[in-house]
Amino acid sequence: GLIMLFMLWIRLQPLDKFTRNGEIFFAGNDAWYHYRQVSWTVRNWPWTMPYDVYSQFPTGVRADQFGTLFDQIIATAALVVGLGDPSQQTIGMTLLIAPAVFGALVVIPTYFIGKRLGGRAGGVGAALVLALLPGVFLRRSTAGFSDHQVAEVLLQATAVLAVMVALRSAEREKPVFELLLDRDWAALREPTKWAALAGIAIGLYMWVWPPAVVLVGILGVFFTIALVVEYQA
């Protein structure tokens, strides 16, 4: 919790640079795209803008190629903060600080991944490394850089953690096809539950950035090799 608060504090430092005379500004072009998407979603919640005429102007293009979950999450947060009718100021401020919040939340799956691999010390160590990490991750998760990349990191880490949990459950419960034929639902309940949650987590990751489907390919290659090595005998 302290590491998360530290990460949030660091990422909120530039906030005053993006608010001047009551106006809100963003870093980069894509943040303004998301501002338009979030504003539209707030007025038409839970739907997102299906077509964006300003992308590939003047013909336009379908907006879902960029993923829409990022905009839906921020629009929902703005509606909650604005008690159902947020002003443009509230929408802008919500989008402005969203990257910092997403960036701080990445510490949660990072900690649990580290804990599974190296115990509690490994989890804390992983969280500390993340908190002190400079470079692209820090820049993309700082207030003002309101693009979807930081949400990609959060949901990718969550998806990887969910797959790890599902695999551990499968190793522990050892579900086999005969259990399905015998309709032994009690024995299948735990591995099926965690496998479904892993699938949902990967789906959410792709929802925020469709090219994340590459993770499915990586997992497919991994499972093919791992299963051959594990069961070749």
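Structural notes, computed from the coordinates.

What counts and how
Residues numbered from 1 in each chain as written. Predicted model: local features only at pLDDT ≥ 70, side-chain atom pairs only at ≥ 80, totals over all residues. Heavy atoms only, no water. Helix = DSSP H or I, 4+ residues; strand = E, 2+ residues; numbered from the N terminus. Buried < 20%, exposed > 50% of the residue type's maximum accessible area, 1.4 Å probe, protein only. Contact = heavy atoms within 4.5 Å. Areas by Shrake-Rupley, 256 points an atom, 1.4 Å probe, with all protein chains shown as cover. Lys, Arg positive; Asp, Glu negative; His and termini not counted. Charge placed at Lys NZ, Arg CZ, Asp CG, Glu CD. Core = buried A, V, L, I, M, F, W, Y, C linked by side-chain atoms within 4.5 Å. Salt bridge = Lys/Arg side-chain N within 4 Å of Asp/Glu carboxyl O. Phe/Tyr/Trp six-rings, centres within 6.5 Å; stacked < 30°, edge-to-face > 60°. Arc of directions from axis to C-beta.

**What about the overall build of the protein?**
The helix and strand inventory of the protein stands at 10 helices and 4 strands. Element order for the protein, N to C, with α for helix and β for strand: α-β-β-α-β-β-α-α-α-α-α-α-α-α. With the principal axes as the frame, the protein shows a C-alpha extent of 70 × 45 × 35 Å. Here the protein holds 233 residues, and the buried ones make up 38% of them. Taking all contacts inside the protein whose residues are at least 6 apart in sequence as the whole, residues at least 24 apart take part in 69%. Counting only carbon and sulfur atoms, one obtains 68% of the accessible surface of the protein, whose full area is about 13500 Å². Of the side-chain charges in the protein, 17 are positive and 16 negative, and the distance between the mean point of each set is 6 Å.

**What to know about the side chain of Ser-169**
You can see Ser-169 is positioned in helix α7 (residues 149–173). When near neighbours in sequence (up to four residues on either side) are disregarded, Ser-169 contacts Lys-174, Glu-190, Pro-191 and Trp-194.

**Comments concerning the nonpolar core**
With 43 residues, the main nonpolar core has Met-7 and Phe-102 as its most contacted residues. If you list the elements that add at least two residues to this core, you get α1 (2–11), α2 (30–43), α3 (69–81), α4 (88–105), α5 (107–132), α7, α9 (185–208) and α10 (214–231). With 8 residues, α7 is the largest single contributor of residues to this core. Apart from residues no more than four positions distant in its own chain, Met-7 is found in contact with Gly-103, Ala-104, Val-107, Leu-130, Ala-131 and Phe-137.

**With respect to the pattern of salt bridges**
The full count for this structure, using the stated rule, is 4 salt bridges. Residues Arg-168 and Glu-171 are paired through a salt bridge, measuring 3.6 Å at the closest nitrogen-oxygen approach. Of this pair, Arg-168 and Glu-171 both sit in helix α7, 3 residues apart, which is roughly one turn of that helix. Look at Arg-168 and you get partly exposed, because its relative accessible area is 42%. In this structure, the salt-bridge partner of Lys-193 is Glu-190, at a minimum N-O distance of 3.2 Å. Of this pair, Lys-193 and Glu-190 both sit in helix α9, 3 residues apart, which is roughly one turn of that helix. Taking the relative accessible area as the measure of exposure, Glu-190 reaches 29% and is therefore partly exposed.

**A closer look at the packing of aromatic side chains**
Scanning the entire structure with this criterion turns up 7 aromatic pairs. On the basis of an interplanar angle of 35° and a centroid distance of 5.7 Å, the ring pair of Phe-70 and Phe-102 is categorised as tilted. Highlighted residues: Phe-70 in helix α3 and Phe-102 in helix α4, separated in sequence by 32 residues. On the basis of relative accessibility, which here comes to 1%, the residue Phe-70 falls in the buried class. On the accessibility criterion, Phe-102 (10% relative accessible area) is buried. Ring centres 5.1 Å apart and planes at 75° place the aromatic pair Tyr-111 and Phe-112 in the edge-to-face group. According to the relative accessible area criterion, Tyr-111 is buried, its value standing at 18%. Since its relative accessible area comes to 37%, Phe-112 is described here as partly exposed. Among the aromatic residues, ring-to-ring pairing joins Phe-26, Trp-32 and Tyr-35 into one connected group.

**Details of α1**
Within α1, the full set of buried residues consists of Ile-3, Met-7 and Arg-11. The buried residues of α1 occupy one face: seen down the axis, they fall within an arc of 70°. Residues Leu-2, Leu-5 and Trp-9 are exposed on α1 and point more than 90 degrees away from its buried face. Those residues of α1 that are buried are in contact with α4, α5 and α6 (136–140).

**Considering the environment of Met-93**
Mapped onto the fold, Met-93 is located in helix α4. When the C-alpha atoms of Met-93 and Leu-15 are compared, they prove to be 9.6 Å apart, with 78 residues separating the residues in sequence.

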